[in-house]
Amino acid sequence: MIWNPTKECMSREQMRELQGKRLHKIVEYVYHNVPFYRNKLQEMDLSPADIQTIDDIVKLPFTTKKDLRDNYPFGMQAAPQSEIIRIHASSGTTGNPTIVGYTRKDISIWSECMARSLTSFGVTRNDIFSVSYGYGLFTGGLGAHNGVETIGASVVPASTGNTEKHARLIRDLGITGIACTPSYALYLAETMDKLGITKDQIKLRVGAFGAEPWTENMRTEIQNRLGLKGFNIYGLSEIMGPSVSYECDEQHGSHINEDHFFPEIIDPVTLQPLEPGQTGELVFTTLTKEGMPVIRYRTRDLCSLLPGECPCGRTNVRMSAIQGRTDDMLIIRGINVFPSQVESVVLTMEEFAPVYMLIVDRVNNLDTLMVQVELRPDYFNATLDTPAAISELEKRFADKLRSVLSISAKVQIKAPGTIERSEGKSKHVIDKRVLY
Amino acid sequence: MRIKQLSIFIENQSGTLIRVLELLGKAHIQMIACTIADTAEYGIFRIICSEPDRACSELKAAGVAVTISEVFAIEMNDRPGGAADAVKAFSNAGIEITYMYAFLLDGKGIMIIRTDETEKAREVIKSQGLPYLCEKDFIR
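All figures in this text were calculated on a predicted structure; none of them were measured in a lab. (Residues numbered from 1 in each chain as written. Chains lettered and ligands numbered in written order. Predicted model: local features only at pLDDT ≥ 70, side-chain atom pairs only at ≥ 80, totals over all residues.)

Trainee: Can you lay out the overall build of chain A for me, pointing to particular residues and giving the numbers?
Mentor: Across its full length, chain A holds 11 helices and 21 strands. For chain A, the share of sequence-separated contacts (at least 6 apart) that also reach a separation of at least 24 residues comes to 66%. (Helix = DSSP H or I, 4+ residues; strand = E, 2+ residues; numbered from the N terminus. Contact = placed C-beta atoms within 7 Å.)

Trainee: Provide a residue-level description of the overall build of chain B, including the pertinent values.
Mentor: From N to C terminus, chain B includes four helices and six strands. Secondary structure elements of chain B, listed N to C terminal, follow the sequence β-α-β-β-α-β-α-β-β-α. The 140 residues of chain B split such that 29% are buried. Contacts in chain B between residues at least 24 apart in sequence constitute 66% of all its contacts with a sequence separation of at least 6. (Buried ≥ 20, exposed ≤ 12 C-beta atoms within 10 Å, placed from the backbone.)

Trainee: Residue-level account of unusual backbone geometry, with values.
Mentor: All names here are of chain A. Look at the link from Y72 to P73: it is a cis peptide, with omega at -5 degrees. On the secondary structure map, P73 appears in the loop between helix 4 (65–70) and strand 1 (84–89). Even without a glycine there, the phi angle at D45 is positive, about 60 degrees. For D45, the position within the fold is in the loop between helix 3 (35–43) and helix 4. On the basis of neighbour counts, which here come to 7 C-beta atoms within 10 Å, the residue D45 falls in the exposed class. The phi torsion at S406 lies on the positive side, around 70 degrees, for a residue other than glycine. Along the chain, S406 turns up in the loop between helix 11 (387–405) and strand 20 (410–414). Residue S406 is classed as partly exposed on the basis of its 13 C-beta neighbours within 10 Å.

Trainee: Tell me about the sheet that holds strand 11 (residues 280–286) of chain A, residues and numbers included.
Mentor: Residues and elements named next belong to chain A. With antiparallel pairing, the four strands of this open sheet are ordered in space as 10-11-12-15. Each of the sheet's edge strands pairs with one partner strand only, and the pair in question is strand 10 (261–266) and strand 15 (324–325). Alignment of strand 12 (residues 297–303) against strand 15, held across two bridges, turns out to be antiparallel. Considered in strand 15, the bridge of L302 is made with G324. (Pairing = 2+ DSSP bridges.)

Trainee: Please give an account of the interface of chain A and chain B that cites residues and values.
Mentor: Each side of the interface is counted separately: chain A has 16 residues, and chain B has 19 residues. Counting residues per element, the ones that place at least two in the side of chain A that touches chain B are helix 11 and strand 20 of chain A. Among the elements that line the side of chain A that touches chain B, the one with the most residues is strand 20 of chain A, at three residues. Of the residues in the side of chain A that touches chain B, the class split is nine nonpolar, five polar and two charged. (Nonpolar A, V, L, I, M, F, W, Y, C, P; charged D, E, K, R; others polar.)

Trainee: Outline the sheet that holds strand 18 (residues 352–363) of chain A, supporting the account with residue identities and numerical values.
Mentor: Residue and element names in this part refer to chain A. Sheet architecture is open: four strands sit in the order 20-19-18-21, paired in mixed fashion. Sheet topology places strand 20 and strand 21 (429–431) at the edges, where each strand pairs with a single neighbour. Here the average twist between neighbouring strands, direction ignored, is 20 degrees. With three bridges connecting them, strand 18 and strand 21 associate as parallel partners. Bridging across to strand 21, L358 finds its partner in V429. Its contacts with the sheet put helix 10 (residues 339–346) on strand 18, strand 19 (366–375) and strand 21, and the angle it makes with strand 18 is roughly 140 degrees. (Axes fitted to C-alpha atoms, helices over the stretch in contact; angles between N-to-C directions.)

Trainee: Residue-level account of helix 2 (residues 52–61) of chain B, with values.
Mentor: Residue and element names in this part refer to chain B. The complete set of buried residues in helix 2 reads P52, A55, C56 and L59. Seen end-on, helix 2 carries its buried residues on one side only, within an arc spanning 100 degrees. Facing away from the buried side of helix 2 by more than 90 degrees, the exposed set consists of D53 and A61. Of the surrounding elements, those touching the buried residues of helix 2 are strand 1 (2–11), helix 1 (16–26), strand 3 (42–49) and strand 4 (66–75). Of the residues trailing helix 2, G63 is marked for its positive phi of about 85 degrees. (Arc of directions from axis to C-beta.)

Trainee: Account for the nonpolar core, with residues named and values stated.
Mentor: Of all hydrophobic cores here, the largest spans 86 residues; its most connected members are A185 and A208 of chain A. Each residue touching A208 of chain A, except ones within four places of it in the same chain, is listed here: S117, L118, F121, A144, A179, F231 and I233 of chain A. Membership of the second largest hydrophobic core comes to 60 residues, among which are V411 and I413 of chain A together with I47 and I74 of chain B. (Core = buried A, V, L, I, M, F, W, Y, C linked by C-beta atoms within 7 Å.)

Trainee: So what's going on with helix 11 of chain A? Which residues, and what values?
Mentor: In an α-helix, one full turn covers 3.6 residues, which means residues spaced three or four apart are oriented alike. Residue and element names in this part refer to chain A. Over its 19 residues, helix 11 runs 26 Å from end to end, which matches the ideal 27 Å to within 8%, given 1.5 Å per residue. Taken together, the buried positions of helix 11 are I390, L393, F397, L401 and L405. Axial view of helix 11: buried residues confined to an arc of 95 degrees, hence all on one face. With respect to the buried face of helix 11, the exposed residues turned more than 90 degrees away are K395 and S403. (Expected span 1.5 Å × (residues − 1).)

Trainee: Can you explain the packing of helix 7 (residues 163–173) of chain A against helix 8 (residues 182–195) of chain A? Please cite residues and give values.
Mentor: Residue and element names in this part refer to chain A. Two elements in contact, helix 7 and helix 8, have axes whose closest approach is 9 Å; the angle formed by their N-to-C orientations is 80 degrees. The orientation of helix 7 relative to helix 8 falls into the category roughly perpendicular. In this structure, helix 7 contributes T163, E164, H166 and A167 to the contact, and helix 8 contributes Y187, L188, T191, M192 and L195. Classifying every residue of the contact of helix 7 with helix 8 gives five nonpolar, three polar and one charged. (Parallel < 35°, antiparallel > 145°, perpendicular 65-115°, else oblique.)

Trainee: If you had to explain the pairing of strand 4 of chain B to someone new, which residues and values would you point to?
Mentor: All names here are of chain B. Most of strand 4 is tucked away: seven of the 10 residues are buried. Of the pairings in the sheet, the one linking strand 1 to strand 4 comprises seven bridges and is antiparallel in character. Residue pairing across strands places Q5 opposite S69, the latter belonging to strand 4. By the bridge criterion, four bridges tie strand 4 to strand 6 (residues 108–114) in an arrangement that is antiparallel. Note that in strand 6 the partner of A73 across the bridge is I112.

Trainee: Account for the packing of helix 5 (residues 104–120) of chain A against helix 6 (residues 139–151) of chain A, naming residues and giving values.
Mentor: All names here are of chain A. Relative orientation of the contacting elements helix 5 and helix 6 amounts to 70 degrees, with a least axis distance of 8 Å. As the angle between them shows, helix 5 and helix 6 are arranged roughly perpendicular. Residue-level inspection shows I107, W110, S111, M114, A115, S117, L118 and T119 of helix 5 in contact with helix 6, the latter providing G143, A144, N146, G147, V148, T150 and I151. Split by residue class, the contact of helix 5 with helix 6 holds eight nonpolar, seven polar and no charged.

Put into structure tokens, the structure is as follows:
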């Protein structure tokens, strides 16, 4: 099902024309309302009149997370405070949080994008839908909530935490859909196992998973354990929140709501645009945002834009799964390593639970990488009851890791339940290196 | 002919051993013999006990990585060279022993032998007339 065929199935020429018009308008708007952008454009000797078509976007300056932090709290806001009806803040673990104000129109567009996403996942007004992203400053909870209300399904604002109660509600209310992080979905499955709630006692059929990178193997695992079909939903608070892009039934990339969010892929080092299909840093320009519009915002997410038409009928461009973060990237012995690469290997091994931890250290001026995984109780059997068998398993895992990472890692197999699970975004790296 | 042994994966750090032992104690499982095959980071804790099936499910329910392995329990002659005689019977038949350990039960020396060559081992025990113990000998 398609929520808004006019916008989701527009011809490419019409879309580019619409994007061009909207880009001109948004550049004019920020030029007159955000000193940060006016100064930048003036420095580059650019005026809004220079931006007429979507192809002109490459003339514009980039915006970085640092720019947003430096202008904390309201320096990037374009609309007057009286027009702002909601304020979210992104996590500020490494400095000032990013404050994002939304006007009534922003919230309405966000709800529309969220409704497009949920409809694409097959959610209808007949569903009972649990939103298990955190409610609060994080955009996940309220963003998804508004979308569910927009399509008219019954929303259960479960939020995160109190997972046992949530698991019982899923069973008792016959909840059919859930939005949460993929790691929370697995945690929920573990909690259900602990409570003795089985797959045939629940009615979940749709999962909207996002807010952290995940893999196809993780999808299979969640689908098998919860008996639902899991869809990717992507977003970030600097641009809007969840529903910047969403999967369709084809599950080959996520369609971007590009009438509102214009995507580009650039080389994170040279900052030059890359060809469709090439992997690089994802950059977004908000084409219609009033509260806090951003021009060419560098997301630090690595992915590619997929060329070609999608059989689902939507014409808006698709992005691949996020393959890593430019800032999650660990440089170990000079090699770029992404935690998501380790995850993809862990998930191919049925002996291990889907949790892992990378521990990076420096011993005698040499970087070391240790990967911890957990033995899954069901897969510990009589053939594994000798140290030789366990070390054989370690070696098999280490070999797979080396072929994916291109560097060797020490492997440590841990007892069940000993690696910390998180209810929000998973933490997968401990970097002990002290660099001078 | 074989008996059930618990094999438990534990990490080599303080607190892990006592956790397993306390769980068994609470479940009123009587330990008869045990041994640990250890490495720097983890160990395989092997236990002969009363009610191994119940012990296994109690530990599993507590989230412990535990499994049942089947092993042979051979009674040794109580004199110098008794252990060698028992092992020789296996090694003469070309049977690879994965691991072994021994203990005293009611004054008798018992040797636990784990091998993947189960059928060959059964034949050796029968043809050599090695005295062996069954599951019921461990009921307490």
